[in-house]
Amino acid sequence: PGSAIIMPKERVAKKTRQHEQIQKQGIHLVRERGQHLLKNPLIVNGIIEKAALRSTDVALEVGPGTGNMTVKLLDQCKRVVACEVDPRMAAELQKRVQGTPASQKLEIMVGDVIKTDLPFFDVCVANLPYQISSPFVFKLLLHRPFFRCAVLMFQREFAQRLVAKPGDKLYCRLSANTQLLARVDHLMKVGKNNFRPPPKVESSVVRLEPRNPPPPINFKEWDGLLRILFNRKNKTLSACFGTSTVLELLEKNYRIHCSCNSISIPQDFNVKDVVKEILASCGYADKRTKSMDIDDFLTVLEAFNSKGFHFT
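Residues numbered from 1 in each chain as written. Predicted model: local features only at pLDDT ≥ 70, side-chain atom pairs only at ≥ 80, totals over all residues. Heavy atoms only, no water.

1. So, the overall build of the protein
- For the protein, the helix and strand inventory stands at twelve helices and nine strands.
- Looking at the protein residue by residue over its 312 residues, the buried ones come to 47%.
- In the protein, 69% of the contacts between residues at least 6 apart in sequence involve partners at least 24 apart.
- Counting only carbon and sulfur atoms, one obtains 51% of the accessible surface of the protein, whose full area is about 16,700 Å². (Helix = DSSP H or I, 4+ residues; strand = E, 2+ residues; numbered from the N terminus. Buried < 20%, exposed > 50% of the residue type's maximum accessible area, 1.4 Å probe, protein only. Contact = heavy atoms within 4.5 Å. Areas by Shrake-Rupley, 256 points an atom, 1.4 Å probe, with all protein chains shown as cover.)

In structure tokens:
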């Protein structure tokens, strides 16, 4: 018998139905906007599971895209508020739920989530454009009333910064600020091929649970202190507070504080000496920011505040 001719196997490009829809619609995904749609249903399910949704929940979804996550949220929640910056995507999502019972439970807000007043919600789920990661985290954590938890997709390195501990290479102001206001857990890594188009970097999913009640401090002032410390995180606190820029800022704030509270300032007042004294008294003069934790920062803030020094 003649040997069978083996034809080369033709690779058929696999496309999800949603992808075909988008192509039919002529929706071109804009990289600059950080539009990378999550296409792997297993990961969508994993995120939904980690959010531990209840049937009474209002869910806020940021960056719903064409709605792969939204339809799952609608199955499990009382209501979903989807915030989408791209009107084409919003229209696509609207069309996807049209005529189904779920359409009554969905509210779509078209606009930039950073500039939008957030509604009340219990749980937040987001596959964010990575360029707004940091402002969005703080918008969430300073949002009132409190929500229960947020499950968020970030660029891998950003996620690692959120969970970094003192002594870690990536430990930074973002780590300390986030951990002051929330419990942060790294849930799973997500490879770039799970998105369409694939982003240039790997991603991770993180869960944030706000600390309720929040720490009893002025966040702006806390952030002011951390800006000074993390500006030179490998230096000692004496060195951080020894620069003329920092001393001038502290003296200006101190003089405002004194004049507002009718406190007289001694003639021989020397800001450098007073700052040295404060650092010595709390025992942090030779400590370095990179190895300090939240309690350490709170102690330093309290030491400065008690002497009338403020960071806002």
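So, next bit.
2. Let's talk about the pairing of strand β5 (residues 123-127)
- Most of β5 is tucked away, with five of its five residues classed as buried.
- In β5, alternate side chains face the same way, and those of Val123, Val125 and Asn127 on one face and Cys124 and Ala126 on the other are all buried.
- Direction of pairing for strand β2 (residues 58-62) relative to β5: parallel, over a ladder of four bridges. The residue bridging alanine 59 from the neighbouring strand is valine 123, located in β5. (Pairing = 2+ DSSP bridges.)

3. Some points on unusual backbone geometry
- In the segment running from arginine 144 into proline 145, the intervening peptide bond is cis, with an omega of -5 degrees.
- Within the element layout of this structure, proline 145 appears in the loop between α5 (133-141) and β6 (149-155).
- The omega torsion across asparagine 212 and proline 213 is 5 degrees, close enough to zero to call that bond cis.
- Its place among the elements puts proline 213 in the loop between β9 (203-210) and α8 (219-231).
- A positive phi angle is found at serine 262, which is not glycine, with a value near 50 degrees.
- Following the sequence through the fold, serine 262 ends up in the loop between α10 (244-260) and α11 (271-282).

4. What about helix α6 (residues 156-163)?
- Turning to α6, its buried residues are Arg156, Phe158, Ala159 and Leu162. The buried side chains of α6 occupy one side of the element, clustering within an arc of 160 degrees when seen end-on. (Arc of directions from axis to C-beta.)

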